[in-house]
Every structure is written in structure tokens, then in C-alpha cells.
Amino acid sequence: MRTSTTARVGQYAALLAYLVFLAFPFLWLISTAFKPPRELGSLHPTWIPENPTLDNFRQAFDEQPLLHAALNSLLAALGAAVIAVVIATPMAYVMARRRGRLARAATGWVVVSQAFPFVLLIIPLFLVLKNLGLINSVPGLVMVYVVWSLPFALWMLAGYVRAVPAELEEAAAVDGAGRLRTLVSVTAPLLAPGIVATALFAFITAWNEFFFALVLLKTPEKQTLPVILTHFIGAEGVADLGPLAAAAFLATLPSLVIFALIQRRITGGMLAGAVKS
Amino acid sequence: MALVTESRKPARRAPGTERGRHGPDHGAWFLVLPALIPILVLSVGPLLYGILLAFTDAQSGRTEPTRWIGTLNFQDLLHDTLFWESFRIGLVWAVGVTVPQFLLALGLALLLNQNLRLRWLARALAIIPWAMPEVVVGVMWRLVYNTDAGILNETLRDLGLGNGHDWLSGLGTALPAVIVVGVWAGMPQTTVALLAGLQNTPRELHEAAAVDGAGAWRRFRTVTWPALRPIALAITALNLIWNFNSFALVYVLTNGGPGGRTRLPMLFAYEEAFRYGQFGYAAAMGCVMVAAISVLLAVFLAGRLKGGLKGGDEA
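Residues numbered from 1 in each chain as written. Chains lettered and ligands numbered in written order. Predicted model: local features only at pLDDT ≥ 70, side-chain atom pairs only at ≥ 80, totals over all residues. Heavy atoms only, no water.

Draft legend 1. Seen up close, the overall build of chain B. Looking only at helices and strands, chain B has 14 helices and zero strands in total. Along chain B, helices (α) and strands (β) appear in the sequence α-α-α-α-α-α-α-α-α-α-α-α-α-α when read from the amino end. Within chain B, buried positions represent 51% of all 315 residues. Taking as baseline every contact in chain B between residues at least 6 positions apart, the subset at least 24 positions apart corresponds to 65%. Approximately 14,800 Å² of chain B is accessible, and the part contributed by carbon and sulfur atoms is 63%. (Helix = DSSP H or I, 4+ residues; strand = E, 2+ residues; numbered from the N terminus. Buried < 20%, exposed > 50% of the residue type's maximum accessible area, 1.4 Å probe, protein only. Contact = heavy atoms within 4.5 Å. Areas by Shrake-Rupley, 256 points an atom, 1.4 Å probe, with all protein chains shown as cover.)

Draft legend 2. Broad picture of the packing of helix α6 (residues 119-131) of chain B against helix α9 (residues 174-200) of chain B. Residue and element names in this part refer to chain B. Contact pair α6 / α9: the axes reach a minimum separation of 7 Å and the direction vectors enclose 130°. In terms of orientation, α6 lies oblique with respect to α9. Where α6 crosses over α9, the handedness of that crossing is left-handed. Residue-level contacts link Arg 123, Ala 126, Ile 128, Pro 129 and Trp 130 of α6 to Trp 184, Ala 185, Pro 188, Gln 189, Val 192, Leu 195 and Gln 199 of α9. (Axes fitted to C-alpha atoms, helices over the stretch in contact; angles between N-to-C directions. Parallel < 35°, antiparallel > 145°, perpendicular 65-115°, else oblique. Left-handed = near helix turned anticlockwise from the far one by under 90°.)

Draft legend 3. Just the environment of Val 97 of chain B, in detail. Among the structural elements, Val 97 of chain B can be located in helix α5 (residues 81-112). Counting along the chain gives 40 residues from Val 97 of chain B to Asp 57 of chain B, while the straight-line C-alpha distance between them is 35 Å.

Draft legend 4. Expanded view of the interface of chain B and chain A. Taken together, the 96 residues of chain B in the interface contact 84 residues of chain A. Across the chain B to chain A interface the summed buried area is about 8,700 Å²; carbon plus sulfur atoms make up 78%. Linking chain B with chain A are zero salt bridges. Seen at the junction of chain B and chain A, the total is ten residue pairs in polar contact (both at pLDDT 80 or more). Its residues assigned to classes, the side of chain B that touches chain A comprises 69 nonpolar, 13 polar and 14 charged. (Buried area = accessible area lost by both parts, 1.4 Å probe. Salt bridge = Lys/Arg side-chain N within 4 Å of Asp/Glu carboxyl O. Polar contact = N/O pair within 3.5 Å; in protein donor to acceptor, adjacent residues only side chain to side chain. Nonpolar A, V, L, I, M, F, W, Y, C, P; charged D, E, K, R; others polar.)

Draft legend 5. Structural detail: helix α3 (residues 55-63) of chain A. All names here are of chain A. Those residues of α3 that sit buried are Asn 56, Phe 57 and Ala 60. The arc that holds the buried residues of α3, viewed along the axis, is 100°, so those residues lie on one side. Opposite its buried face, α3 presents the exposed residues Arg 58 and Asp 62, each directed more than 90 degrees away. (Arc of directions from axis to C-beta.)

Draft legend 6. Quick look at the nonpolar core. Judged by nonpolar contacts, the single largest core of 188 residues is most densely connected at Leu 29, Ile 123 and Leu 154 of chain A together with Met 132, Trp 141 and Phe 247 of chain B. If we skip the residues at most four places from it in the chain, Trp 141 of chain B touches Phe 21, Phe 24 and Pro 25 of chain A together with Val 180, Val 181, Trp 184 and Leu 253 of chain B. (Core = buried A, V, L, I, M, F, W, Y, C linked by side-chain atoms within 4.5 Å.)

Draft legend 7. Local environment of a nonpolar patch on the surface. On the surface, Leu 71, Leu 74, Leu 75, Leu 78, Val 82, Ile 83 and Val 86 of chain A cluster together to form a nonpolar patch covering roughly 610 Å² of accessible area. In this fold, Leu 75 of chain A is placed in helix α4 (residues 66-97). (Patch = residues over 30% accessible without salt bridge, like charges linked within 9 Å, V, L, I, M, F, W, Y side chains within 5 Å.)

Draft legend 8. Examining the pattern of salt bridges more closely. Taken as a whole and assessed by the stated rule, the structure comprises six salt bridges over all chains. With a closest N to O distance of 3.4 Å, Glu 271 of chain B and Arg 275 of chain B form a salt bridge.

Draft legend 9. Main features of the packing of helix α5 (residues 101-113) of chain A against helix α7 (residues 138-163) of chain A. All names here are of chain A. Axis separation between α5 and α7 bottoms out at 9 Å; the angle between their running directions is 120°. As far as their axial angle goes, α7 and α5 are oblique. In the crossing of α5 with α7, the sense of the turn from one axis to the other is left-handed. Every residue of α7 that contacts α5 at Thr 107, Trp 109, Val 110 and Ser 113 is listed here: Val 147, Leu 150, Pro 151, Leu 154 and Trp 155. The residue inventory of the contact of α5 with α7, partitioned by class, reads seven nonpolar, two polar and no charged.

Next up, the structure:
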């Protein structure tokens, strides 16, 4: 299709505007993270730090238990991702391959769960976990994260299952393989990339999560990165800009890297889940 | 339960499903249980418990036993002007974020669907808001909005427009300021969903329309939009709900201030529950939010059904 020159110019101008809008806050975050205090206090801030420094990073680690928080985040996210995928994969298989009432109910729950206001969920969860002695504990948080990431995991995985042609499984059945054998040696290998993508997505979601962590984790040594980050913002909303920017930049790196690697698979999974349901 | 009933009736086979080929399958229960039990115990159960709590005077750290108080919480809520103000703010925020976000995302998706240079860069950048923890997005925009050291005010100063405004603390500017952040943060998901919808539209239809002499706007109205409509409706409904329920972004940006101008319902309920310990009352707020969301979903589903019957024709 031919497009006129004026239209092309317009398109590039619009694209440029989008690029600026998307990029500038992030560039500003990076710029702030490397600025010495004197430049941060300046009334005329610049895009490029005049005297770039790593002091903000050092100060961030001094002020708050960042390493410890990162470890907590890692444990919570890893635990949630692994458990969620292990228990979701069989159910997603049933959702994808059957049209029974169970599959329909599961799909319905996945959709409805997207609409929960979490406050209605967190109050009873808080009471239950408190009675179990799991408040202020990473395992307690993992339990919540598993259930919280299940709907999307089921949705993505069911999509990946549907992408595996049922004919392959039938062929194996004709060749005399039992159901379990078929699942393990035919379906599972084809699902593996989708399972990894789903696990990574669950990992990022848990790594980024804030609300449940804020409510359930009480002491700094148990808190995850997003919660610790808010400690850089004082009670009156006064923030120590440099260390705040440095810590925020560090907290976002893992998810950015993982996301960049699996972005295509996630969107693929989302769509596979959405197209045929 | 459903599966048991169905396996008793092996004769009822849906054509083209596995069941028809493998016969009644009792193994499916085993596959479902590992996920079903946590869902029931940690999601459905607490949800029902939460609804029950709304009818009690449950409070944190109280020694007397919790009492059933009927609809008293809801009656109090009815007269709680602060809650309804936050409910109104929640609606303004949800619509204020969702609508511009949709329009911007549609524009970007249409651009990314063209054969443009730098398209890859836009795709790469669109990952950033999506992958970032909401808390970091909030922190980042606080740096942008900062009165003295923020880039927004510096740019305005350079342009000779104003001399340092405290965007997040201004009574009039706080809500618009957080809405801009909401739009920025959620745009990528919407863009990706719409882009996928666009790529599912057959190219030949566009070309046929172009050959017939249809202009860009006409092609959009007659070819692109009808194909995009279902996905656009679904993503808009979800965005409205997600935004209405959002918490972290605004908690970090303004914590509901100034003077409650950005106090979303979730922030209100969080404070009520975990600062003042009013579990029953906060649960009642949650119930009201669920009711509001259900109405919204019903309206949307009805619209979707109508659109479907009309064959995707715009109403």
C-alpha cells in the first residue's frame, strides 16, 4: 500500500512523540541516580549529570537493607513462580483440552478473579495468616503470591496447551502410549518453553508486587524491595532523591532484563489464551 | 463435582473433544486438585469470609469477641461522605486513565503496525512501563514532578511557563498529575493487546478497501475497527476495573493527598483496615466496590453481546 509523503512525515512525528513520552521518565530516573547532592539541589537540573557519581548507590545500601530486601524479593518471587507453575500446568491442561463444566468454571474464575478488589481478600487472609503465625514471613507471602498469580498462569498455560495440536497426542495414543506417557513424552516437551515463560512472568509479577507485601510484612528484615523503597520517602513525603533514584533503578533491573527476554512469549501466551476460549 | 456427573454419562460426547477419544476420564481430578485446593483455601474462601466480615464489627487487636451486626456497616457507609468522595475520585481516576490510555495506545498500535523505522525502539521502550514495579514507576514520576529538581518544572522554566509548581501537592493538580502517570504506566499492555488485534486483521481487506478508493479514516472505520472491537471492549473493561482497584502507584505518588484529593477507594479501605483496624467496615467497603465492578462488568458484557449480534456493527 502506498502512503503519501505527508502521511509518512506525520507518522514519524507521532512516533517520535511516543518515544519521548515513553522514555523521558526513565531517562530522568537514571540521570537522577548518578547526580551528586549539589546537582540534586540545583534549581536548574540538567539531563546529563555534570559530575556523575556512584555515591547515591552507596548511600542507598547504607540507609536501607537493600541486599536483604532483594533476597526476600528473590525468595518470594522464585517460590511463587515455581509453585504456581507446577500446580497450574495440570489444571491448565484440563482447561484447554476439555469442555466440561469444570473447565468452564475454572475459566470463569480466572476472568472473575481479575476483578477482585484485593482489600476484600487481604483482610480475611491477614486474619487467617495471623492465626497460622505466617504474618511477617516470606513463606506466608509466597502462599498469597501463588494464588494471586494462578489466574494469569492458568490463562497463559491453557493457551500454550491449545497451541499443541491434539492430533499429536492422538497419534501417540494410537501408537499405544498411555495417557500419562503421552503427557510426559509428547506434550510436556512441546509445552516447556511456554511453562518457562509463564514462570518468568509469575516471577516478575511477584517481584514487583507491593500491596500484599505492605500489609503482610511488618519488620524491615522481612520486607521485599518495593516495600523497602517506600522507606526512602519520609513520613512527610520528603524524599532523599539521589538514593531513592538509585535504589529504584536497581529494583527495576531484574524485571526489565527478564521481561526483555520473554516479552514476545508473554504476548504470545496472552493471545493464545484469548483467541480460543 | 462437575466431572463426576459427566463421567457417569459417557454417552454425552462433545464432538472434537478429548473425552470422545479417551473415554470417561477420572484422572482429570488429579490434575485439577493441586491448583484447585489453594484456590479454594486462599482465594474463594477468604473472599466469602471477607463478605461475612462486612456484617460484623471485626477490629484488629480487640479483646472482646467479634459480633454479628447485620447491615450496620453498610448503613454507616451510606452516610460516610468521605467514602463516597473517594468512590467518586476512584471513578474519575479509572475513566480518566482508561480513556486517554486507550486512545494513545490505539494510536501507537496503529503506528507500530506500519512499516516504520524506529518501530523496534518504540516496542523496546514500551516494555519499560510494563516491566517496572509500580512502586518504582511512582518513585520515578515523583522525581519528574519534583518542584525544584524535577525535569517537568525545569522544562517549563526553560519555555518560560511558570516557575516551579508542586504538582503532586496542589489541590487542583494532584489528581490530573497522578492520572498522567496512570496513563503512562498502563499504555504498553493496551498497546500490545491492540497491536495483536490489528495483526489478526487480514491485510487483504485493507488493500481491497484501498483499491476501492477508501481513505485512511474510512478504512479504519469499515475494516480496522470492526475487527478490533471485541479486543478493544475486553481490554477497556479490564482496564477500568484494574484502575478502579489500583493502589501502589497513587500510594507512592501522593498517599491519597493532598487533603484526600487522590484518595482512591483502595487507599481509603487500606487505611481503614490497617491503620485504624476497622476490619468489618473496610470489608463492607470492599463489598461495595465488588458491587460497583459487577455492575460495570454487566454493562460491558451486555454491550459486547449486542455488538456480537449486530455482527460487529458500531452502535
